[in-house]
Structures are given as C-alpha cells and as structure tokens.
Amino acid sequence: MKETRSTCPYCGVGCGVIIRSEGDRITGVRGDPDHPANFGRLCTKGSTLHLTAAPEVTRQVRLLHPMLREQRRDKPVRVDWHVALELAADRFAQTIRAHGPDAVGFYISGQLLTEDYYVFNKLAKGLVGTNNIDTNSRLCMSSAVAGYKMTLGADAPPPCYDDVNHADCIFIVGSNTAFAHPVLFRRIEEAKAVRPGMKVVFCDPRRTDTAELADLYLPLLPGTDVMLFHGMLHVMLWEGWTKPDYIAAHTNGFEALKAVVRECTPDVVAQTCGIRKEDLFTAARWFAASPATLSLYCQGLNQSSSGTAKNAALINLHLASAQIGRPGAGPFSLTGQPNAMGGREVGGLANLLSAHRDLANPQHRAEVAALWGVSSVPEKPGKTAVEMFQAAADGEIRALWIACTNPAQSMPDQKTVRRALERAEFVVVQESFATTATCEYADLLLPATTWGEKEGTVTNSERRISRVRAAVPAPGNARHDWQIVVDFARKLEARLRSPGLFPYETPEAIWLEHRESTRGRDLDITGLSYGLLEEAPRQWPFPAGATQGRERLYADGVFPTSDGKARFAAVTYQPLAEPRDSRYPFSLTTGRLRDQWHGMSRTGTLGRLFGHVPEPVVQMHPQDMQRRGLAEGELAHVTSKRGSILLPVQASAELALSQAFIAMHWGSEFVSGLSSTGDPLAGVNAITTSAYCPISRQPELKHAAVKILKAEMPWTLLAAAWLPDGEALAAREQLQALMARFPFAACVPFAAQRPLEAGGDARTGMLFRAAGYEAPGDEALQRLEQLLGLTGAEILRYADKRKGQRRTIRVRREAGALRLEGLLLAGDTSAEPWLKALLLQELDAQAYGRLLLSPGAKAPVALRQKGRQVCSCFGVDETAIQSCLGAAEGSAEDRLASLQAALRCGTNCGSCVPELKRMVRAFPAAQLA
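Residues numbered from 1 in each chain as written. Predicted model: local features only at pLDDT ≥ 70, side-chain atom pairs only at ≥ 80, totals over all residues. Heavy atoms only, no water.

### Notes on the overall build of the protein chain
A tally of helices and strands in the protein chain yields 31 helices and 37 strands. A compact globule built from 929 residues should have a C-alpha radius of gyration of about 30 Å, and the protein chain, at 27 Å, falls within 12% of that. The 929 residues of the protein chain split such that 64% are buried. In the protein chain, the proportion of contacts linking residues at least 24 apart, taken out of those at least 6 apart, comes to 71%. Total accessible area on the protein chain stands at roughly 32000 Å², and carbon and sulfur atoms take up 50% of it. A gap of 2 Å separates the mean positions of the 104 positive and 98 negative side-chain charges of the protein chain. (Helix = DSSP H or I, 4+ residues; strand = E, 2+ residues; numbered from the N terminus. Rg over C-alpha atoms; globule rule 2.2 N^0.38 Å. Buried < 20%, exposed > 50% of the residue type's maximum accessible area, 1.4 Å probe, protein only. Contact = heavy atoms within 4.5 Å. Areas by Shrake-Rupley, 256 points an atom, 1.4 Å probe, with all protein chains shown as cover. Lys, Arg positive; Asp, Glu negative; His and termini not counted. Charge placed at Lys NZ, Arg CZ, Asp CG, Glu CD.)

### Quick look at empty space enclosed by the protein
Going through the model one piece at a time under the given rule, you end up with six cavities of 30 Å³ or more. Estimates place the volume of the second largest cavity at around 80 Å³. Along the walls of the second largest cavity sit Cys-8, Tyr-10, Cys-11, Val-13, Gly-14, Cys-15, Leu-42, Cys-43, Gly-46, Pro-182 and Val-183, which together make up its complete lining. Partitioned by chemical class, the residues of the lining of the second largest cavity number nine nonpolar, two polar and no charged. (1 Å grid on protein atoms, 1.4 Å probe; cavity = no way out; pocket = protein on both sides within 12 Å on 5 of 7 lines; lining within 4 Å. Points joined across faces, edges and corners; volume = space filled by probe spheres on them. Nonpolar A, V, L, I, M, F, W, Y, C, P; charged D, E, K, R; others polar.)

### Examining helix H11 (residues 254-261)
Taken as a whole, H11 has its buried residues at Phe-254, Leu-257 and Val-261. Looking straight down H11, one finds that the buried residues subtend no more than 60 degrees of arc, so they occupy a single side. Where H11 is buried, its residues contact helix H9 (225-239), helix H10 (244-250), strand S11 (251-252) and helix H15 (307-320). (Arc of directions from axis to C-beta.)

### Some details on the sheet that holds strand S12 (residues 293-297)
Taken together, the five strands give an open sheet; going across it, the order is S10-S9-S8-S12-S13, and neighbouring strands pair in parallel fashion. The open sheet terminates on both sides in strands that have one partner only, identified here as strand S10 (216-218) and strand S13 (330-333). The mean angle between the axes of side-by-side strands here comes to 15 degrees, regardless of whether they run parallel or antiparallel. Alignment of strand S8 (residues 169-173) against strand S9 (residues 199-203), held across five bridges, turns out to be parallel. If you follow Val-173 over to S9, its bridge partner there is Cys-203. Helix-sheet contacts for helix H13 (residues 277-289) involve S8, S9, S10 and S12, and the interaxial angle to S10 is about 120 degrees. Packing of H15 onto the sheet brings it into contact with S8, S12 and S13, and relative to S12 it is tilted by some 170 degrees. (Pairing = 2+ DSSP bridges. Axes fitted to C-alpha atoms, helices over the stretch in contact; angles between N-to-C directions.)

### Quick word on the side chain of Thr-518
Counting through the fold element by element, Thr-518 comes out in the loop between helix H22 (507-517) and helix H23 (530-535). A polar side-chain atom of Thr-518 sits 2.6 Å from the main-chain carbonyl oxygen of Arg-515. Those residues in contact with Thr-518 that lie beyond four places of it in its chain are Ala-355, Leu-523, Asp-524, Ile-525 and Thr-526. (Polar contact = N/O pair within 3.5 Å; in protein donor to acceptor, adjacent residues only side chain to side chain.)

### Quick word on the state of the cysteines
Taken as a whole and assessed by the stated rule, the structure comprises zero disulfides. Here Cys-15 is not disulfide-linked; the sulfur of Cys-8 is the nearest cysteine sulfur, at 6.0 Å. (Disulfide = S-S within 2.5 Å.)

### Section: the packing of aromatic side chains
A full pass over the atoms with the stated rule returns 25 aromatic pairs. On the basis of an interplanar angle of 80 degrees and a centroid distance of 5.6 Å, the ring pair of Phe-92 and Phe-488 is categorised as edge-to-face. One end of the pair, Phe-92, is in helix H4 (residues 81-99); the other, Phe-488, is in helix H21 (residues 481-496), and 396 residues separate them in sequence. Overall, the relative accessible area of 0% leaves Phe-92 in the buried class. Using a relative accessible area of 0% as the deciding quantity, one classes Phe-488 as buried. Consider the rings of Tyr-107 and Phe-389, whose centres lie 5.2 Å apart with planes at 90 degrees: the pair is edge-to-face. With Tyr-107 in strand S6 (residues 104-108) and Phe-389 in helix H18 (residues 385-393), this residue pair connects regions lying 282 residues apart in the sequence. For the pair formed by Tyr-107 and Phe-389, the shared burial category is buried. (Phe/Tyr/Trp six-rings, centres within 6.5 Å; stacked < 30°, edge-to-face > 60°.)

### Remarks on the sheet that holds strand S20 (residues 464-468)
The three strands are arranged S19-S20-S21 in an open sheet whose pairing can be described as antiparallel. The open sheet terminates on both sides in strands that have one partner only, identified here as strand S19 (456-459) and strand S21 (538-539).

### Details of the pattern of salt bridges
According to the stated counting rule, one finds 67 salt bridges in the structure shown. For Arg-276, the salt bridge goes to Asp-279, with nearest N and O atoms at 3.1 Å. As a salt-bridge pair, Lys-801 and Asp-778 come within 3.2 Å of each other at their nearest N and O atoms. Taken together, the positions of Lys-801 in the loop between strand S33 (795-800) and strand S34 (805-814) and Asp-778 in helix H26 (residues 778-787) put the pair 23 residues apart, joining distant regions of the chain. With relative accessibility at 68%, the residue Lys-801 sits in the exposed group. (Salt bridge = Lys/Arg side-chain N within 4 Å of Asp/Glu carboxyl O.)

Keep in mind these values describe shape, not function.
Structure below.
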C-alpha cells in the first residue's frame, strides 16, 4: 500500500486528501491533517472519493478509449488516438480555412487543472486565433471577478480561511455554506463555539441549514440583494457608522454612491426585500460596528442578471466601514469549483488573458503575444458561455470542443443548448465519464484522466495553490487533459503552418511558462516552484525573493488601480430579469444538495450519496401545495417560458409562500420524459433562463418565474431491485433508454444504509419511477423487469390488463427467512411504502404471504419504516434519531452530545451537524421529558 497527497476535486475549499492505493487500485481516502485548507476534515463527498474510483465503478461509467460516431446518434465505435486526433485536426483546420477562426469554439471547465487550462487558452488565442474560449466558471464566478475588478481593481479575494477565527461578525449572503462549502462551515461552527459573541448574519430566500448557525436570518426575496446592501449603507450613513477617514484616504466615488443610496430608505428596503426594518438596522450595525466583519458569498449573488452589481454593492459596504485588509475583515467570494480560480489566473475566459490581463487592453495583448512568440492575440471579443451556444445554434460556430463539463445538463435554456449541439458540424467531447448527457451529442469522444490519476496544480478560494498528484496510472487509453490538447495542437500546427507553440513534455513545463506570465502582476508567483509546492500549498502573490505568500491583501490600503485607491460602485437596484407574474406566479430558485456535486457524473455513481435526498422533487411551501390541491409525492408540471419539467412535489418549511426550489443537479440523466408535444424533458435547466448580467455575462441560473400545476396522470409505476455487485450503473445506462417511453420517469441508484467504514456501497440497487396517462405496452414493462433482474426463478407475479395493473416480486430464501430482492408495481403503487421498506431494509417478508401480490393491500403487521437518511457516514436515519432524542435529557447541547455518542451521527465529516441541531431544536419538549 502507498499513500499519495493530493487535492479534492469538488468545491473551491480545496481540501487536501491522502489517497491510499494498492497497485493500480485506489483503496481509501482521508483528509490531509497538514493541509491548511481543511486540516484533515472532509465532507460526505470527499470522504467517498475512493468509492467513485473503484474498478467496478470505472468499468461501468468511465470513457476509456477514443470513440467515433460516423453519424449523429449512432453507437460510437472505438478508434486509436492517432486516428482520433488526426480527424479532429482535419475537421478543425477545414472549418478554420473555410469559415475563419471564429467558426470554432472551446468550452472548458473549472475542474481542469491550471496546466490544462493554460494550454487550452494558448491553443485558442495563440494558435487558432479566436477568443471563443469560455468555461463553466462563467456560470459560477464571473460576476465575482467583475465585482472585484470594478471596486478593488483586481480579481483577488482579499481574505483567507483563517479570517473566520478573527471575525466578530460573519455576513453570509447568497450561499448555503453548510451544503456548498461544508468543510469551511465546520470552521465557522468551531469559531462560533470558541467565541459565542461572534455574530452570524445569514441572508437567503430559503431558510437552509446554514441558518442554524445564524444570530440573525434575513429572508430576503429573490434578486433583492442590491437593495438590501444599499439599505444597509443608508442606515450606516444615517447612524454615523461609516469610516470617513478611510473613505477619504483610500477610495474614490463615494459621493456618487451616496446619491444612489439616499432613496433606499428602511421603509423601501423592507418592502422590496421582504424583511423587517428592525432586522435591517441590526444587520447594518453588526456589519459596520463590529471590530472585524467578514462576508462570505457565492452563487446567490453571482448567478444573476445583476450579478456584478450585487458583488460591487456588497464590497461597497466593506469599503465604507473600513472592513477590509485586517484579520477577520473583507469580502470573500467562495468559488464553486476546485480550480475556478486557477482558470481565471491563466485567462481561461473569453474576455481575459494570462495573469489577470484584460483582452481589451492592447498592451496586455502585446505582452501575451510576446510571451507566446506569436505576432498578435486576436482583439475581437470572444463568445461567452451563453453566447457561444447561441452562436452554435444559429450556425455561426460550426465546430465545438467541450472538455470536462456537461453543458447538456448544466447550461440554462436547454432547448437552445441541445439545438446548438445538434446543429454544430463537429463536436468533440473530452471527458472522463461516458455517462454525461453531452456525450450523446459528440462526434468524437476523447478519454481523459480524472482525480487520482492527474498531475498538476489547482488554486482554491483563498488564493492557495495546491499540488494534484497521481496515485494510480490512467485506466484504459485515457490521457491527461493537457496531453490531449498538446497532441492535438501539434497536429493542428502542421495544418495551419504555425509550429513550435507547444513544446511541453510535462505539466511542470507548462506551469513554468504560466509562472513567467505572472511576473510583475497582482498574482505574481515568480518566487514559487513545483519544489516549494511539494513541501506545502502556497498562497499568491509569491514574487521572487518572497519566503511565503500573502495571507491577506490591501492591509496597507493600497489597491491595484491607477491611483492606488479603491472605487465605490454607484450601481442601481434592478428587478429580476424574469419576475413572477399572474401567468408564472412562483419564484423558482435552484441550489445544491448536501451530498451531490454538479451534474453528478461522479457522485451519482454511489447509491449511498442518494440516501439524504433519494429522488428529484420540487419543494414548495405547504400552504401553496394545499391551495393547488397537491399532496406530498404527487406529480406537478413546473413550467417556465422556455420549457417544462415533471416532478413530485415535496412540502418544505425552508421556503416562503410563492417560492419553489429544485436542486441544480437533476439533469436528463436522472429525470426525464416527454412533453405534450413529444419533446424530451431535459431536467431542471429546461426551465432556467439564459438572461445574463450585462457586465459579467453570467446567467441568472438562480431564478426563473414558473407556474406549478397538478399533473393528472392516473397510471403510475415503481420498480426497484438490488443488483449484483458491479452491475447497477450499467443497468442504469440501459434504463435511461426507457425513460423517454413515459411522460415522467426518474432513475436513481440506492444503497443499504451502512457505515462508510463497513465497505461503502457493498450492496447497490436501482430505482425506476414513472407515470403516464395510460399503461404502456407489455414490451416496456418486460424490458424493465429484465434490466432489474425480475425474471427467472423465485419470481411472484400478478397482472390485470383490463385495469392496467401489474406486480412482480423477486424473493430470496435464506436461513428460514424470505427476503425481497426486487419489485415492480405498475398501475397501482399504493403498496409502495411497506413493500419498499421490506426491500430497502432487507427485512423478513415471510409473514406477508399472499399480500405481496395483492393490489392495494396494507401491511398486516406494524412495520417500522426507516426515515430519510441524515448521516451518510454511518447510515443513520430520521427514525433512529427521533427515537434517541426521546430518551435524551438536558440542554440542546447535551441532547446533541447524547445523540452523537449513541449513534455516532455527525462525528465523522460533520456535514449532517446543522440538520442534527435543527432536529434537536424542533423535537417536541413534551417528548424530551
């Protein structure tokens, strides 16, 4: 066994991990106790990384060989690397010659390493001669970039993670930090426990788990953040809580901003934002008057048609109250992806160049051209993400190269995105996972390495560069992303007669060129080397001669602007791009689940990570459900101006009236069906809007106006079965082909609720849920039974074709017990609760006899059903927690401690602690006695 230090590939916290491996197999993972981002902690996703790399998972979901389609939608056939890259070079060269360099586009990812990003950027802007290269970081961080540059002069987050230990007030807005950045949230919890006087303000339309830590919760209405911040500044000015000396010495533009916020009175703000005036005053006082205030923010500010304005308005508060440049103080944008920061550093966006240079600046273009040894860098602005896919849909961009991202799931307005992928003449998808929706549109599939196999660097939210190291060799014929780009570029160079731009043989060689590009820039890392990074992660800037990176920026009050002063941004409040109205009366927001990541190409391979939220739903306020005649679990049409999606409804106390929530992760890989017009439903982003911020070009993924109507579908189906080891994911791929046969269908894995230490997903199954206006033909149901192993011996069956009912049960006898191994309920699914409980809890079904096949039959004996899983690490469910709480005594802290001692929940990764605290608080006092 060997151990390899590396970095987690999920969120922007950038946790260090230690990978255990034996030969070519990753066998375990734990947090790196010496990494300054996490000090050994990992969340539920990080703790299960080794399970996603298991060979039985890899062989079912990984792309292991170059694959080519002769015709769209044909089954791809295997080709070798030489054939694949020669073809790609021919097609791109032909397109460039015939239609110009802007007829091609590159769409890349914040999950690439910095070295991968750098060569992609050089390929597009240095060799091809187009700025049509953008990244999915456009969807998450471009508003933060624009906000920092507009106010502070550079895209550089001033604080660091250690600031949570020095802050007297933490202001969290537009971020469910408990779910999106759980390891950082653990640090905030610990800081609060050590210093209970520290104030936490949480602003969000939903009362998420992050609110559990808050001293003040502001339930602001979607899109009203700018008005909130302006209202806070109005109060600060009125009460004399600003810092005039700091403003005069270190800033410009305050008078113009004062004129804007003059009209943002407490009455106006309270009415616009949906909060109490008293709470506005409290938030303003804590923010301005605390010795040190740290703000933490993410997609709630960024994914907006006013994203740049929201970021700038929040930074205005820090400048006005001098809450910047000191321990515990500053505006801290939390990046959503592991290397969104690294991609920005190398200019991997359509409007940027290496080392935070601006494409619009002629001097910056000349500097990069000189570094690369090319005559010039194109000055024409490139297409950003939404613009790129619109251009492809319009036939302007004819060849697309997509790497390490899944736009057929993650981009808004999926109808346009999928039209773009269909119309583009040549689509290359460079991917690790063959199961993403985008792979279905690729002419050429190129297999790339992934976590545990890659070498290079990433930069986290606090400007800290960490090494990524390979623990095992690449599987199959997969290659590193940078190698694929370099090999392709060399072949394209020969066709475009521009050789010599890509001499790299190692990722370090690429990194050294990137390092040189930073000389004299705000992110200068010329004092760094791979050798120093081998010793420990380092923060930038780290110029030549430095002995360590800089923890915090702007301590001297000097900013990277022409006069050294920060600039107040006199931005105005603008309503949502798509406010709700009488036709679309609900505000739909999107966000993350605790245990899932992005499009779930990796986390979706593990049944255990579906324990907390097992199936896709749309959440609504209970009163809204009642008014529309919707019961828990019933299907509803969620429809916007762009499309529709069918989902079961779920009551949620987190939401206000006229609001709804769908998790961002649910794409067509997991929930699908057919619309009334016969068009396929494409997951949550079938209904989100591509309206974007005019400055950052970041789309308003966080909000859409929708209507929610009950779906009258009398025929329902539930099928679920345990499957042999290593076969569940393969079955899922085939089950997905059946999803389009139904108006609604969902397909998700599940696993036994067992401790992670007991072997992870030792037993996995698949669940298939569907609904329709009438029963389908026998062929579809027979195929479903075949894929779920509901055939052969030990099968019990009942069928009534006249009523459209069918029931199939697979059983297994062992040691005198009868175990359910699988079931299909079609037409009548009323027995789902108890039959599903028998299956998932692996209980003895001997006592149920003929009732197993009786339509509408209720369980004859009391059946203790497990509740929803709360703790993924130890498989602890709601029912067990409630039972334990019934015997607990003492304060809330005592009851939580008793709960953790008895069940161990919340004692490993800690991701479930906020929910445990909420359950302790909400448990009826009478039962506690």
